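Topology and contacts: notes
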Amino acid sequence: MKSITIKKIFQMHSWVGIVTGILLFIVAFTGAFAVFSKPYLSIWASSSDTHVTSAVPAKEVDRLINEYAEKVPEKFRENIHVFMPNGYGFTKLVLLFESHDGDENYKKEAAYVYELNSQTLALEDQFYGSAGDYYENRQSDMARYIGHFHADLHLGRPIGLILTGFLGLTLMVSVITGLYIHREMFKQLFTFRRDKSFDVVTSDGHKLFGLWGSLFHFVIGFTGAILGLATIIMLPAAAYVSFNGDQDKLVEKFTAMPDPVISQDYQKTRVVDIMANVQAYDDKAILRDLTIMALNDKNSVVYARTIGGESVSSSILKYTGEGEFVKRMSSLGDIPGPAIKVVEWIYPLHFGNFGGLFVKFIWAFLGLTTALIPLSGVMMWLAKRSRGQNPDLSQVSYQRWNRFVIGSCGGAVMACILLFPVQILMNHFIEGSQHNSYFGPIFFGSWLAWLVISLMPINYHALLKVNTLIVALSFACVVPLKLMLQPGFVGQVMSPSYQIVTAVDVMCTLMAILSFYVFKKLSVNPTTEQAKMKEQTA
């Protein structure tokens, strides 16, 4: 009876992995990049010979808010968003003056937006129109593009979020069933036979990565499922149960920033004092943005959104216009109770947004193991069915399946890495606001091209070598391109303001060296099985 149960669980584990394995690899691999997208990769992607994200002094922020407030109609001064250039969403100083009721041209939320260079404070771009259009179409970069791909595979709502949420659930199922199936491996937690055949190494790696990282994989699966399915399924369900299906009332309940009552009595909003108080409240937290309600009015209220520091999750600090601290709230609203704390932790737990850079490196490494587990599971499944006296897969079919895995998984890796040199080229040759139209064709175009190549009768081992070489060359191009296209690049490398940019450049060089090493190993030491099939084509 016990053996029958284990066999059924093993079948469930296998089929869940086979059906979703490739998609899980793609989502988990891009997730390892998404961990660093805010702020590190965003700062790197936006840097050029004329700009790198820099902190703007509080006095300058205050001066600019009041200066540009004079350029917009009075109703647009009642709701002002100031986005700091720290890489957590924005790399320029952005002043957004919004009217919830619109104006004579727009009958919905409208905005005047001013984007300023964080170093020179010069106006670089401006926008007037629907607030939703600005948020949806504002300038993107490769870090934001990969982050959004991780979230919904660029399929949008609801399909993309439902799919990634479902993949989170399948990861949880795979972790639970895998732990039950391989529970005897707990006695061999330090066993890794790296000198054995490729199949043995793959099997050991699959089991050890799964066992050592099981808690992390389960947490990532759980939080990913919540993030993917919350707004699509859970929010409507909560609205139906608690608010008779009215989602607007539910959102209003969770809104932390109600509109103030405007008195029309002048009183300067003390932005400088508020920013200083935010720094003093938690000197390790980062101020992401300010929301100023009723600028320079007696009833003005200011909300400061912070991330990091002593709080695991994002926080909102409420101040009066005079700079007096009122209270700290959750990013989800002014809702008491321990349950809201748990909900707050979902996003930072998924992306490692706590504990600083060290935690992000751990999250990225474990995220890569999450990607390798379904990939190694698919490889083990293919290898098992291609052997024996009566194999389920012929060698021709085995080659085809391996080429498909390399084309889909390897193509996704290649498409992501290719965006690094592409970003540098676009920063130099293409106007910033036009970047958005290039990421999709380059990312999906290169991926599709590699998938088409993988359908050709090419030995899969040779295909893997070429895939690795393209990744290595893409990484290796980063620094030479900057040397050619960015005047004064060598001097920038030593500048304190370019530390994050320089660190990413160094990591690209190290990854290029590692990729070339893997390419060399693939060229010199093919496995016995691969050598036997080297001349076979489909």
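It should be emphasised that the depicted structure is a prediction, and the values quoted were computed from it without experimental measurement.

What follows covers the sheet that holds strand S3 (residues 110-116). Spatial ordering of the open sheet is given by S4-S3-S2-S1-S5-S6-S7-S8, a layout of eight strands whose pairing is antiparallel. Both edges of this open sheet fall to strand S4 (123-130) and strand S8 (325-330), since each of them pairs with a single strand only. Across the sheet, the mean angle from the axis of one strand to that of its neighbour is 20 degrees, orientation sign disregarded. Where helix H2 (residues 58-69) meets the sheet, it contacts strand S1 (79-83), strand S2 (93-99), S3, S4 and strand S5 (285-293), and its direction lies at approximately 40 degrees from that of S2.

This part takes up the nonpolar core. Counting residues in each nonpolar core, the largest one holds 69 residues, and the members touching the most others are Phe25, Trp44, Met142, Phe420 and Phe443. The element contributing the most residues to this core is helix H13 (residues 395-429), with 15 residues. Filtering out sequence-adjacent residues up to four positions away, phenylalanine 25 remains in contact with Ala371, Pro374, Leu375, Cys409 and Val413. Among the nonpolar cores identified, the runner-up in size contains 31 residues, and Leu64, Ala69, Leu116 and Val271 belong to it.

Turning to the pairing of S4, a few remarks are in order. Two elements, S3 and S4, share seven bridges in a ladder whose sense is antiparallel. Bridging across to S4, tyrosine 112 finds its partner in tyrosine 128.

So, about a negative patch on the surface. A surface patch of like charges, here negative, comprises Glu74, Glu78, Asp101, Glu109 and Asp259. Here aspartate 101 is to be found in the loop between S2 and S3.

A few words on a nonpolar patch on the surface. On the surface, a cluster of nonpolar side chains totalling about 880 Å² of accessible area is made up of Leu357, Phe361, Val506, Met507, Leu510, Met511, Ile513, Leu514, Tyr517 and Val518. Here the element with the most residues in the nonpolar patch is helix H18 (residues 499-524); it accounts for eight residues. Summarising the element assignment, leucine 514 is placed in helix H18.

With that settled, the discussion passes to the packing of aromatic side chains. What the rule picks out here adds up to 31 aromatic pairs. A ring pair is formed by tyrosine 134 and tyrosine 135, whose centres lie 5.8 Å apart and whose planes are at 65 degrees; its orientation type is edge-to-face. Residue classification places tyrosine 135 among the partly exposed residues on the basis of a relative accessible area of 31%. Among the aromatic side chains, those forming a connected cluster through ring pairs are Phe25, Phe29, Phe33, Trp44, Phe420 and Phe475.

The next thing to look at is the environment of methionine 329. Inspection of the secondary structure assignment puts methionine 329 in strand S8. With a relative accessible area of 3%, methionine 329 lands in the buried category. For the pair methionine 329 and serine 315, spaced 14 residues apart in the sequence, the C-alpha separation amounts to 6.0 Å.

For the chain, mean pLDDT is 83; residues scoring 70 or higher make up 81% of the total. The low-confidence segment residues 525-538 (pLDDT under 50) makes 22 contacts with residues lying over four places distant or belonging to another chain.

Before going further, it helps to spend a moment on the packing of H13 against helix H16 (residues 478-485). Packing of H13 against H16 brings their axes to within 9 Å, and their N-to-C directions diverge by 10 degrees. By the criterion of interaxial angle, the relationship of H13 to H16 is roughly parallel. Taking contact as the criterion, the partners of Phe420, Pro421, Ile424, Leu425, His428 and Phe429 in H13 are, on H16, Val478, Leu481, Lys482 and Leu485. Its residues assigned to classes, the contact of H13 with H16 comprises eight nonpolar, one polar and one charged.

Summed over the entire model, instances satisfying the criterion amount to six salt bridges. Put simply, aspartate 62 and lysine 268 hold a salt bridge, and the shortest N to O gap is 3.4 Å. Within this pair, whereas aspartate 62 is found in helix H2, its partner lysine 268 is found in the loop between helix H8 (247-254) and helix H9 (271-281), the two being separated by 206 residues in sequence. The exposure class assigned to aspartate 62 is buried, which follows from its relative accessible area of 11%. For lysine 268, a relative accessible area of 34% corresponds to the partly exposed category. Residues aspartate 289 and arginine 305 are paired through a salt bridge, measuring 3.5 Å at the closest nitrogen-oxygen approach. Of the two residues, aspartate 289 sits in strand S5 while arginine 305 sits in strand S6 (residues 301-308), which places them 16 residues apart along the sequence. Looking at aspartate 289, the relative accessible area reads 9%, which means it is buried.

Calculation rules
- Residues numbered from 1 in each chain as written.
- Predicted model: local features only at pLDDT ≥ 70, side-chain atom pairs only at ≥ 80, totals over all residues.
- Heavy atoms only, no water.
- Pairing = 2+ DSSP bridges.
- Helix = DSSP H or I, 4+ residues; strand = E, 2+ residues; numbered from the N terminus.
- Axes fitted to C-alpha atoms, helices over the stretch in contact; angles between N-to-C directions.
- Contact = heavy atoms within 4.5 Å.
- Core = buried A, V, L, I, M, F, W, Y, C linked by side-chain atoms within 4.5 Å.
- Buried < 20%, exposed > 50% of the residue type's maximum accessible area, 1.4 Å probe, protein only.
- Patch = residues over 30% accessible without salt bridge, like charges linked within 9 Å, V, L, I, M, F, W, Y side chains within 5 Å.
- Areas by Shrake-Rupley, 256 points an atom, 1.4 Å probe, with all protein chains shown as cover.
- Salt bridge = Lys/Arg side-chain N within 4 Å of Asp/Glu carboxyl O.
- Lys, Arg positive; Asp, Glu negative; His and termini not counted.
- Charge placed at Lys NZ, Arg CZ, Asp CG, Glu CD.
- Phe/Tyr/Trp six-rings, centres within 6.5 Å; stacked < 30°, edge-to-face > 60°.
- pLDDT = per-residue confidence, 0-100.
- Parallel < 35°, antiparallel > 145°, perpendicular 65-115°, else oblique.
- Nonpolar A, V, L, I, M, F, W, Y, C, P; charged D, E, K, R; others polar.

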